[in-house]
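# Topology and contacts: notes
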Amino acid sequence: MPRKGPAPRRVIAPDPIYNQIMVSRFINRLMLDGKKSVAEKIFYSALEKVEARAGRPGIEVFNEALRNVMPVVEVKPRRVGGATYQVPVEVKSPRKEAVGIRWMITFARRRNGRSMVDKLSAEILDAANKQGGAVRRREEGFKMAEANKAFSHYRF
């Protein structure tokens, strides 16, 4: 815990094409070794592919996919009297967005495919259709929270 209070949140500039901060955050998370232009090419190419396959604007499909991936509840371990309980807690908005972005990129990287553009576009389409690894992860977390609802009184 820092002594000077919480660290200030950095302001991220919106991306130049869609003028959305969420797209900028996604590109920054996708970037490896500081190669932002490569990450931008991958993301925008993936959105073009999504647009061609879905038949509607790629940014709409991306936003819907992100909404379908973001978790509502998660479990956090709480130690009470020598026992550790998995306590369900609601996820705050900034964490919800960060986790959703992280899951989408992680599961896109794990996919089989030739290029990252193919993998990312497939993951975005799957997430928009409520399928794919990232959505499955969200559902698993929700099921765990449901199963441990009895321990919700340990929330503090």
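Residues numbered from 1 in each chain as written. Predicted model: local features only at pLDDT ≥ 70, side-chain atom pairs only at ≥ 80, totals over all residues. Heavy atoms only, no water.

Before going further, it helps to examine the pairing of strand S2 (residues 83-90). Summarising the sheet, strand S1 (residues 73-80) and S2 pair through eight bridges and their orientation is antiparallel. When the sheet's bridge partners are listed, Val80 is paired in S2 with Ala83. Once S1 ends, the chain turns through two residues before running back antiparallel as S2, passing Gly81 with a positive phi of about 55°. (Pairing = 2+ DSSP bridges. Helix = DSSP H or I, 4+ residues; strand = E, 2+ residues; numbered from the N terminus.)

Here the focus is the layout of surface pockets. Computed from the structure, the largest pocket encloses a volume of approximately 440 Å³. What lines the largest pocket is a set of 13 residues, and nearest its centre among them are Arg9, Arg10, Ile12, Arg25 and Asn28. Sorting the residues of the lining of the largest pocket by element identifies helix H1 (21-30) and helix H4 (93-110) as the ones contributing at least two each. When its residues are assigned to classes, the lining of the largest pocket shows seven nonpolar, one polar and five charged. Residue lining of the second largest pocket: Glu74, Lys76, Arg78, Val89, Glu90, Val91, Lys92 and Arg95, and that is the complete set. Those elements that place two or more of their residues in the lining of the second largest pocket are S1 and S2. Sorting elements by how many residues they give to the lining of the second largest pocket places S1 first, with three residues. Tallied by class, the residues present in the lining of the second largest pocket amount to two nonpolar, no polar and six charged. (1 Å grid on protein atoms, 1.4 Å probe; cavity = no way out; pocket = protein on both sides within 12 Å on 5 of 7 lines; lining within 4 Å. Points joined across faces, edges and corners; volume = space filled by probe spheres on them. Nonpolar A, V, L, I, M, F, W, Y, C, P; charged D, E, K, R; others polar.)

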